[in-house]
Each structure stands twice: as C-alpha cells, then as structure tokens.
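Next come the chains, spelled out residue by residue.
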Amino acid sequence: MEEFDAVVIGAGFAGLYQLYRLRQLGFATRGFEAGGSVGGTWYWNRYPGARCDVESMDYSYSFSEELEQEWEWSERYPAQPEILRYLDHVADRFDLRPLIRFDTRVTSAVYDDRTHRWTVATDHGDTVSARFVIAATGCLSAWQVPEFEGLESFRGATYHTGNWPKEGVDFTGLRVGVIGTGSSGIQAIPRIAEQAAALHVFQRTPNYSVPARNHPLTPEYQRSRKATYREYRARAKYSGGGHSAIPPTQSALEVGDEERWSEYERRWRIGGAPLMQMVYKDIMTSEEANRTIAEFVRAKIREIVRDPAVAEKLTPVDHPFGAKRLCVDIGYFETYNRDNVHLVDVRHSPIETITPRGVVTGGREYELDAIVFATGYDAMTGPLLNLGIRGRGGRRLDEVWSEGPRAYLGIQVAGFPNLFTVTGPGSPSVLSNMVVSIEQHVDWVSDCLSYMREHGIETIEPDGEAQDAWVEHVNTAAEATLHPRAKSWYLGDNIPGKPRVFMPYVGGVGAYREKCDEVVLRGYEGFVLTGGDH
Ligand code: N01
C-alpha cells in the first residue's frame with residue numbers, strides 16, 4: 001500500500017490550491033479526482049449559459065501575485081469555458097497534474113484507531129494510506145435527479161446541468177423540457193430557448209433573479225484593478241461576502257419610498273447580486289425592509305414579461321428576496337416573451353409521471369425530445385457522505401450526521417481525527433465568494449499540518465463541547481436572518497428526508513476568519529491534540 005502524508009479529494013479550486021500548499025510545505029500528497037481533468041464544478045457544469053455570478057476579477061486565486069497579474073479575464077462574469085481554462089492554466093503553471101489521479105472516485109476513507117492513519121480506497125482499486133485526509137469535494141457536486149415515476153421509460157435524451165456531456169448538446173429543432181428554475185435553470189433556459197423548436201419550462205417555485213449586465217472587460221479596467229489588487233484582496237478577506245462591496249449602514253425603512261425605489265432602479269441597471277443584496281443593512285433581517293426590494297423585483301418581472309398571466313406565474317411570492325440563493329441572469333424573464341417558450345406551473349399540479357414520450361402534469365402529456373434536469377444538488381453534506389467515511393471506532397459519518405451535519409468551524413468533525421473538510425457545513429462557504437473561503441480554509445489546514453509536524457502532534461479533532469457550541473452559534477446566526485423563511489437547499493429542503501438544518505455560516509468571511517485565527521492563537525482552542533510537545 002502506498003503511503004502519503006495527505007490525500008486530497010477533488011481537484012477544483014479547493015483541491016488544486018491544497019495540493020499546491022502541501023507540496024510547497026514538503027508533504028507527500030496524492031490527489032484523487034473523479035473527473036477526467038481539473039476544474040471541479042467547472043469541469044462538470046458545461047450546460048449552455050453556465051457562468052459564475054461572482055465577478056471574474058474577484059472569483060480568482062489571490063495566492064500568487066504573478067498569476068493574478070498575468071491572467072486576463074475577458075468578461076465581467078466569467079463563463080464556464082473561461083474558468084476551466086483558468087484552472088487548467090493554474091494546474092500547468094504550478095505543475096500540479098502529476099500529483100493527481102484523474103477519473104478516480106474515492107469510495108471509502110477509513111480511520112485506523114491503532115495506527116492513526118486513514119486508508120483511502122477508490123473505484124480504480126487504489127488503496128493508499130495517509131495521515132491526513134482533506135475533502136476538497138465542493139459544496140455543490142452531488143447532483144440529484146428527483147425520483148420521477150417512469151423516468152427510465154423516457155425515449156428521448158436526459159441531461160443534468162451538473163453532469164453535462166463534454167461534447168455539448170445541440171438542441172436545434174428539438175422539443176425540450178427543463179425542470180427546475182434555480183441558478184442553473186435560469187442560466188440555461190435563455191440559451192436553450194435560442195436553439196429549441198419548443199421549450200417547456202416546468203417551474204415549481206418562481207425565483208428572484210437580477211440582471212447580470214455582463215460585458216467585456218477593457219484592458220484599461222483590468223490594468224486599474226490590477227494596480228490595486230493587493231489592497232482589494234485584503235479588504236475582501238475581511239468583508240462579509242468575500243468581495244469588496246462596502247457594507248450598508250442605513251435601514252431600508254429610514255428612506256422615503258421614492259428615494260428607495262430609485263436606488264433599487266439604479267442598482268438594477270448596473271446589475272449583479274452583491275449590489276442588489278447590499279442596498280440596505282436590514283434587507284436580510286427585517287421582513288418589512290425585505291418586502292420593499294421583493295416588490296421592486298416583482299414589478300420588474302411584470303414590466304419585462306408581456307403576458308400578464310405568465311408574469312404572474314413567474315413572480316415569487318412565497319419567500320423573502322434573497323432567502324433562497326439570489327439568481328443572476330442574462331435575459332431570463334425576457335425569454336418568456338418568445339413564442340417557442342412555454343411556462344408550466346408544477347407547484348399546483350406536480351409532475352405526475354414521465355412517459356416514453358414526455359412529462360405528464362395537470363392531466364396533460366407534454367411531448368419532448370429531451371429533458372434537462374436543473375434540479376440541483378444534495379448540497380454541502382452529499383459530497384462528504386458519498387466518500388464512505390468511517391472515523392474513530394469505525395463510526396460512519398452518515399450515522400454521526402443522521403440528524404444533520406455537526407462540525408467545528410465547518411472544518412473538522414469530532415470523532416474523525418485528521419480529517420479536514422474545505423468549506424464544510426458550518427463555514428461561510430456558499431454564502432461567500434467561494435475562492436476567498438477556499439483559500440482561507442486551505443491556508444488554515446496547511447498551517448495546522450505544519451504546526452503538527454513541528455510539534456510532533458499525532459492527531460487533531462474537535463472537542464465535542466466546542467463543536468456543539470459552534471453548531472449552536474451557526475443556527476442562532478441563521479435564525480436571526482430571513483433565510484429559514486424559504487424552502488431551500490441551504491436547509492436541505494430539496495432532498496426528501498434530509499434533516500432541516502441551515503448548513504452555511506451567515507456570520508461573514510471576515511468575522512469567521514478572525515474566529516479561526518483566534519482559535520489558533522489560543523493553542524487550537526476547541527480542538528483535542530494528541531502526542532507531541534504542544
Ligand atoms: O439548483 P437549485 P441549481 N419537481 O436547487 C426544482 C450554485 N450555482 O443547480 O425551488 C419540480 O437551486 C427546484 O424547485 P423548488 C448556486 O449556489 C451557481 O439551480 O425546490 N421541480 C428548483 O427550481 C445555486 O443556488 C451558479 O421548488 C423540482 C430547481 O429544481 C446552486 O448552485 C450557477 C423538483 C433546483 O434549483 C444550485 O443551483 C448555477 C421536482 N421534483 C448554480 N425538484 C452561478 O454562479 C427540484 N426542482 C451563477
């Protein structure tokens with residue numbers, strides 16, 4: 001059995017940077033990646049319209065000034081092929097590929113109480129031993145197709161946005177059904193509509209979406225941003241969401257109706273999520289404040305969509321603005337003005353069955369040549385539970401988390417020594433610019449491993465009480481916001497039977513970073529370290 005200091009699972013933004021850091025520190029490391037190349041979410045999500053909703057100059061690594069200066073982004077919001085090119089470039093520039101076994105899925109990771117080592121097995125028959133396992137498996141990588149009756153009988157093609165064919169799909173002249181109107185559906189629908197003969201959108205919950213106002217980046221803009229990149233990055237690290245937008249101090253309710261409306265209008269014209277979410281300080285904490293912006297977006301939908309009945313169906317009314325992940329689109333609502341696009345409400349009459357010819361709902365069969373599932377993910381916990389993790393005493397992670405995820409700082413789980421989760425449940429993760437959160441976690445883990453080596457420490461894992469207190473804090477923080485007022489994947493609502501627990505930490509990346517640093521300064525407070533001279 002090959003022996004390593006560490007195994008890193010996943011080769012997306014998190015895995016690549018983790019491999020880079022560990023090699024730099026001289027740890028013998030093996031990476032495993034289920035995909036055929038690097039990229040993680042950007043390797044799999046090749047659906048038409050796939051694009052990041054964080055601006056490209058923010059959604060990029062900060063660890064290398066040279067990389068930061070030499071890479072040129074072409075658009076305000078990077079499209080999937082460009083992000084994948086960037087990650088390919090990173091893998092080559094830092095020579096990371098030799099560390100990774102591609103097309104290889106980890107099937108189990110089992111801790112040995114006697115040797116304090118992990119045995120990691122894969123679907124390719126590899127079995128390796130490592131002191132540390134670092135799950136860089138992403139928060140949104142376990143795609144899910146609901147269990148529709150008759151699905152396997154469908155004679156046309158089926159796709160999931162999160163597992164899109166590498167060679168692409170040509171929908172020209174086809175009758176296409178898209179199920180799901182979250183971020184993925186909202187991006188894919190306008191592009192598929194441009195090709196399909198007829199597009200049926202099966203919508204269960206209408207969503208809030210704001211325009212991206214995407215545009216090419218001029219060389220002058222890039223030059224000016226790059227001139228102050230360091231200061232900018234420093235601000236982002238201590239911000240709320242991992243970008244440098246200035247946090248509002250005013251309440252939406254302190255402002256007159258007209259002034260507030262025109263501020264929303266101004267920001268709608270500029271486009272993008274942070275600007276719309278951060279207009280006033282109480283948008284996500286006060287129902288009344290939230291209603292003002294929800295009403296604004298509803299009015300926009302009515303203004304854009306010509307058919308009032310369709311506009312009505314597209315209008316979100318059952319949850320506050322931003323309580324589910326806010327979508328960012330390019331021409332989404334406008335798409336419903338096309339003659340070939342038909343909106344089917346499956347809230348009131350859910351999809352009954354899928355037949356060889358199409359989808360049945362409301363007593364009608366919609367004949368289709370292809371179905372696109374934009375139905376989301378078993379978020380945050382799914383990718384970890386799929387690894388077959390067994391910790392101290394052979395305890396399975398899925399048993400330990402049977403009532404919802406419990407982790408200390410979202411980075412380690414009591415009972416699973418030397419296992420680290422990059423952007424795990426209980427960390428800001430999906431509520432932030434992921435790259436900022438990833439770099440912070442990877443740096444924390446790398447420093448921790450160095451510290452352990454320096455002091456001869458054998459194992460690290462959370463103390464149960466510290467973990468309980470953190471989980472409690474994460475829940476209390478979420479309850480102070482409007483997030484729990486929506487059914488969302490943040491709470492596991494999209495997976496039947498999944499315990500309803502708010503998984504990401506709403507406290508912001510700056511406050512969270514300070515907490516993580518403070519824990520280290522206090523000698524890894526809340527962690528149990530064994531062996532060594534600490
Ligand atoms: O998934 P989702 P996603 N019958 O879970 C519907 C990130 N992301 O892939 O809302 C009918 O949000 C479901 O309906 P409902 C981002 O963090 C980022 O779109 O549960 N419909 C919903 O409409 C995002 O939040 C980017 O009622 C069913 C949809 O499927 C996250 O990934 C781009 C159904 C699922 O929406 C996930 O987004 C893309 C059923 N049985 C993704 N089951 C950017 O950066 C589910 N649905 C821009």
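Note that the coordinates shown come from a computational prediction; the quantities given were computed from them, not determined experimentally.

**Focus on the packing of helix H1 (residues 13-24) against helix H15 (residues 434-454)**
Part 1: Axis separation between H1 and H15 bottoms out at 9 Å; the angle between their running directions is 30°. Classified by the angle between their axes, H1 and H15 sit roughly parallel to one another. Between H1 and H15 lies a crossing whose hand is right-handed. Residue-level inspection shows Phe13, Ala14, Tyr17, Gln18, Arg21 and Leu22 of H1 in contact with H15, the latter providing Val435, Ile438, Glu439, Val442, Asp443, Val445, Ser446, Asp447 and Leu449.

**Section: the nonpolar core**
Part 1: Counting 72 residues, the largest nonpolar core has Phe13, Tyr61 and Phe527 as the members making the most contacts within it.
Part 2: Of the residues forming this core, the biggest block, nine residues, is contributed by H15.
Part 3: Membership of the second largest hydrophobic core comes to 54 residues, among which are Val169, Phe296, Val328 and Ala374.

**What about the sheet that holds strand E15 (residues 364-367)?**
Part 1: The three strands are arranged E13-E14-E15 in an open sheet whose pairing can be described as antiparallel. Two strands bound the open sheet, and with one partner strand each, they are strand E13 (351-354) and E15. Each neighbouring strand pair of the sheet contributes to a mean axis angle of 25°, computed without reference to strand direction.
Part 2: With four bridges connecting them, strand E14 (residues 358-361) and E15 associate as antiparallel partners. Residue pairing for E15: Thr361 is matched across the bridge by Arg364.

**Points about the sheet that holds strand E16 (residues 370-373)**
Part 1: Spatially, E7-E16-E8-E9-E12 is the arrangement adopted by the five strands of the open sheet, whose pairing is parallel. Where the open sheet ends on each side, the last strands, each with one partner, are strand E7 (157-160) and strand E12 (341-345). Between one strand axis and the next, the sheet turns through 20° on average, direction left out of account.
Part 2: Note: strand E9 (residues 198-203) against E12, five bridges, orientation parallel. Paired with Leu199 across the strands is Val341, a residue of E12.
Part 3: Packing of helix H5 (residues 183-195) onto the sheet brings it into contact with strand E8 (175-179), E9, E12 and E16, and relative to E9 it is tilted by some 160°.

**Topic: the site of the ligand**
Part 1: The ligand sits among 24 residues. The nearest are Thr181, Ser184, Arg204, Thr205 and Trp489.
Part 2: Backbone polar atom of Gly182 to an oxygen atom of the ligand: 3.5 Å apart, as the coordinates give it.
Part 3: Residue Arg325 places a side-chain N or O atom 3.3 Å away from an oxygen atom belonging to the ligand.
Part 4: Expressed as a share of its isolated accessible area of 910 Å², the protein-covered part of the ligand is 88%.
Part 5: Per element, the largest residue contribution to the shell around the ligand is three residues, and it comes from H5.
Part 6: When grouped by side-chain class, the residues that make up the shell around the ligand number ten nonpolar, nine polar and five charged.

What counts and how
Residues numbered from 1 in each chain as written. Predicted model: local features only at pLDDT ≥ 70, side-chain atom pairs only at ≥ 80, totals over all residues. Heavy atoms only, no water. Axes fitted to C-alpha atoms, helices over the stretch in contact; angles between N-to-C directions. Helix = DSSP H or I, 4+ residues; strand = E, 2+ residues; numbered from the N terminus. Parallel < 35°, antiparallel > 145°, perpendicular 65-115°, else oblique. Left-handed = near helix turned anticlockwise from the far one by under 90°. Contact = heavy atoms within 4.5 Å. Core = buried A, V, L, I, M, F, W, Y, C linked by side-chain atoms within 4.5 Å. Buried < 20%, exposed > 50% of the residue type's maximum accessible area, 1.4 Å probe, protein only. Pairing = 2+ DSSP bridges. Near = heavy atom within 4 Å. Polar contact = N/O pair within 3.5 Å; in protein donor to acceptor, adjacent residues only side chain to side chain. Areas by Shrake-Rupley, 256 points an atom, 1.4 Å probe, with all protein chains shown as cover. Nonpolar A, V, L, I, M, F, W, Y, C, P; charged D, E, K, R; others polar.

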